[in-house]
Amino acid sequence: MLSSIYKTRTFILTTLICLLSIGMGSAIVHADETPASYNYSYWGVTVASPAAYRATAILNGDSLGVGPFKEPNDIHVTADKQIYVLDSGNNRIVVMDSSFKPVRIIDSFDGNGGPDKFMSPQGLFVTEDKQIYVADTGNKRIVHLDSNGKLVKVIENPESELFQEKFQFQPARVVVDKAQRIYVMAVGVFDGFMEFNASGEFSTFIGANRVRVDPAELLWKRLSTRAQRSQMVMFTPTEFTNLDINEEGFIYATNGDRFGDTIKKLNAQGNDILRRTGYFSPRGDIAAMSQTDASRLIDIDVADSEIYSVLDSRRGRIFTYNGDGHFMYVFGGLGNQLGEFNTPSAIERVGDQFLVLDKALGEITLFETTEYGRTLNEAVRSYYKGDEEAAFALFQKSINMNANLEFAYAGIGKALLRQGKYAEAMKYFKQSKDQPNYSKAFLLYRKEVLREYFPAVMTGIVLIALGTIAFRKLRQWKGGRKRAAIEQ
């Protein structure tokens, strides 16, 4: 009896040890894994891709020595790589250097009537000369501080005939161009971004999204009575979700439009000039099964050479595109592993490193490039700068690491096209399914062939024509002599 109990206990303990070992082993394996990386083929099929970025560290308030972050909402990196974190829940700005060492904390400033503080700020922007602009949402104002954290001006309660009655100014995001024009994304504003001049006076709205109408809902409204229509939701433009500005003053913006273009590049007149010559329009995941599964883009970061990245809050992924709209790479995801997030809220670059802010966890995840990511980034930059030889070599290297990267073949083709190697360019454009550029290369190649052989062809035609005329003249002359001889 005792032996059977002993055997039973031994069996149970052995089983428990095995299960614990399996659990520990699987935990170790998962800790080393990174989120899957992929790309899309010309046909919209998901294909495997090497990882362009890998998570290397997690930063939080405790590890930085500034106390826990509480619902941080925005992050900004200056040209000299200083990092500004908007710690919204703690109503402060934490400033770090490029080595992630805290430099200072801005949690108050001297206002017009004495000490003043932020209240649930949502957006942050810092200019090249370290002027700080904060979308102080809870206080319904924009706060402009100088490089020392001293108050310059406050923008609140703007007045204009363009505003609706009972309008409340609730800024959520802010950017500033080199002319000190201030562009604000405000809660409940559907007319585009609010533009203020350098003095803080409201100027106009720019970049309003078009109204998108559901055909079924439109038909239902037309069939309804006036009383029924008054109870229905009005058709309104889609709100923007975030914005960024590049060195040239173009505004890149994301919105929640399910049907139209979710990413825009706005010029000074508010016109969308984003190039969409890739296989698919830039919008995050294209393999969504339904509109409810579609990516929800909540932040955008513009790098040099027209490279831009967007953050999808629905899946926690960061998608990067080149200036032509070609999808370069993706990384990130939702989860509890290194390189995944709970509630991502903002992205920013420090050189080629990526910082992703997690609002719920109060953490910043640091991503660094792999060899593949560095090669692809430099290939796009080289092409943008007009260095065709470097672009050719780097795109070729990218293909050697990822044969599924079809747009890289187009990059090689474009580099060859600039070098005047039209026949070779046609081969790569054909491989990348780039019909417009293939046609362009074909026309240029045809002109080149005609230009090369035209003199010889024309010379031959002229000689044949002259020979034919001479032959006919000779025959006429000989025929005339024969007739003369016969008559004699």
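Keep in mind it's a predicted model, so treat the numbers as computed, not measured.

**Digging into the sheet that holds strand S23 (residues 317-321)**
Line of reasoning, step 1. Across the sheet, four strands lie side by side as S21-S22-S23-S24; this open sheet has antiparallel pairing. Every other strand in the sheet has two partners, leaving strand S21 (297-302) and strand S24 (327-332) as the edge strands with one partner each. Strand-to-strand twist across the sheet, computed as the mean angle between neighbouring axes with direction ignored, equals 20°.
Line of reasoning, step 2. Pairing of S21 with strand S22 (residues 308-312) involves five bridges; the strand directions are antiparallel. In the strand pairing of S22, Ile 300 is matched with Val 310.

**Here's the deal with the pattern of salt bridges**
Line of reasoning, step 1. Counted according to the given criterion, the structure contains 21 salt bridges.
Line of reasoning, step 2. With a shortest N-O distance of 3.6 Å, Lys 265 and Glu 306 are connected by a salt bridge. You can see Lys 265 sitting in strand S20 (residues 263-266) and its partner Glu 306 sitting in the loop between S21 and S22, a full 41 residues away along the chain. Each member of the pair Lys 265 and Glu 306 is classed as buried.
Line of reasoning, step 3. Across the salt bridge formed by Arg 275 and Asp 324, the nearest N and O atoms sit 2.9 Å from each other. Linking Arg 275 in the loop between S20 and S21 with Asp 324 in the loop between S23 and S24, this pair joins segments that are 49 residues apart in sequence.
Line of reasoning, step 4. Taking the relative accessible area as the measure of exposure, Asp 324 reaches 15% and is therefore buried.

**So, the side chain of Asp 358**
Line of reasoning, step 1. Looking at the secondary structure, you find Asp 358 in strand S26 (residues 353-358).
Line of reasoning, step 2. No salt bridge is formed by the buried Asp 358. Its closest oppositely charged neighbour is Lys 359, at 9.7 Å.

**Considerations on the UniProt feature "repeat: NHL" (unreviewed entry) in the protein**
Line of reasoning, step 1. Listed under "repeat: NHL" (unreviewed entry) in the UniProt record, and renumbered for this structure, are residues 67-99 and 114-148.
Line of reasoning, step 2. Helix makes up 0% of residues 67-99 and strand 42%, with an end-to-end C-alpha separation of 18 Å.
Line of reasoning, step 3. Its end C-alpha atoms 17 Å apart, residues 114-148 is made of 0% helix and 49% strand.

**Side note on the confidence of the model for the protein**
Reading predicted coordinates in detail is not appropriate for stretches of low pLDDT.
Line of reasoning, step 1. For the protein, per-residue confidence averages 85 on the pLDDT scale, and residues scoring 70 or more make up 83% of the total.
Line of reasoning, step 2. Confidence drops under a pLDDT of 50 for residues 16-35, and excluding neighbours within four residues, the segment shows eight contacts in the predicted structure.

**Re the nonpolar core**
Line of reasoning, step 1. One finds Ile 318, Phe 367, Leu 376 and Phe 395 to be the most contacted residues of the largest nonpolar core, which totals 37 residues.
Line of reasoning, step 2. Breaking this core down by element, the ones donating at least two residues are strand S3 (53-60), S24, S26, helix H5 (371-385), helix H6 (388-401), helix H7 (406-418) and helix H8 (422-431).
Line of reasoning, step 3. Of all the elements, H7 adds the most residues to this core, at seven residues.
Line of reasoning, step 4. Two domains each put at least three residues into this core: domain 1 (49-369) and domain 2 (371-487).

**Observations concerning the environment of Met 194**
Line of reasoning, step 1. Within the secondary structure, Met 194 sits in strand S16 (residues 193-196).
Line of reasoning, step 2. Spatially, the C-alpha atoms of Met 194 and Phe 205 are 4.8 Å apart, while their sequence positions differ by 11 residues.
Line of reasoning, step 3. Non-local contacts of Met 194, meaning those with residues more than four positions away in its chain, are made with Pro 158, Phe 163, Phe 167, Phe 169, Ile 182, Tyr 183, Val 184, Ala 186, Val 189, Phe 202, Thr 204 and Phe 205.

**Notes on the sheet that holds strand S12 (residues 141-145)**
Line of reasoning, step 1. Spatial ordering of the open sheet is given by S10-S11-S12-S13, a layout of four strands whose pairing is antiparallel. The open sheet has two edge strands, strand S10 (123-126) and strand S13 (151-156), and neither has a second partner. Strand after strand, the sheet turns through a mean of 15° between neighbouring axes, direction not considered.
Line of reasoning, step 2. Sheet analysis places S10 next to strand S11 (residues 132-136), joined by four bridges and oriented antiparallel. Residue Leu 124 lies in a different strand from S11, and its bridge partner there is Val 134.

Criteria and thresholds
Residues numbered from 1 in each chain as written. Predicted model: local features only at pLDDT ≥ 70, side-chain atom pairs only at ≥ 80, totals over all residues. Heavy atoms only, no water. Pairing = 2+ DSSP bridges. Helix = DSSP H or I, 4+ residues; strand = E, 2+ residues; numbered from the N terminus. Axes fitted to C-alpha atoms, helices over the stretch in contact; angles between N-to-C directions. Salt bridge = Lys/Arg side-chain N within 4 Å of Asp/Glu carboxyl O. Buried < 20%, exposed > 50% of the residue type's maximum accessible area, 1.4 Å probe, protein only. Lys, Arg positive; Asp, Glu negative; His and termini not counted. UniProt positions renumbered as here; feature names shortened; annotations may be inferred. pLDDT = per-residue confidence, 0-100. Contact = heavy atoms within 4.5 Å. Core = buried A, V, L, I, M, F, W, Y, C linked by side-chain atoms within 4.5 Å. Domains from an automatic or database assignment.

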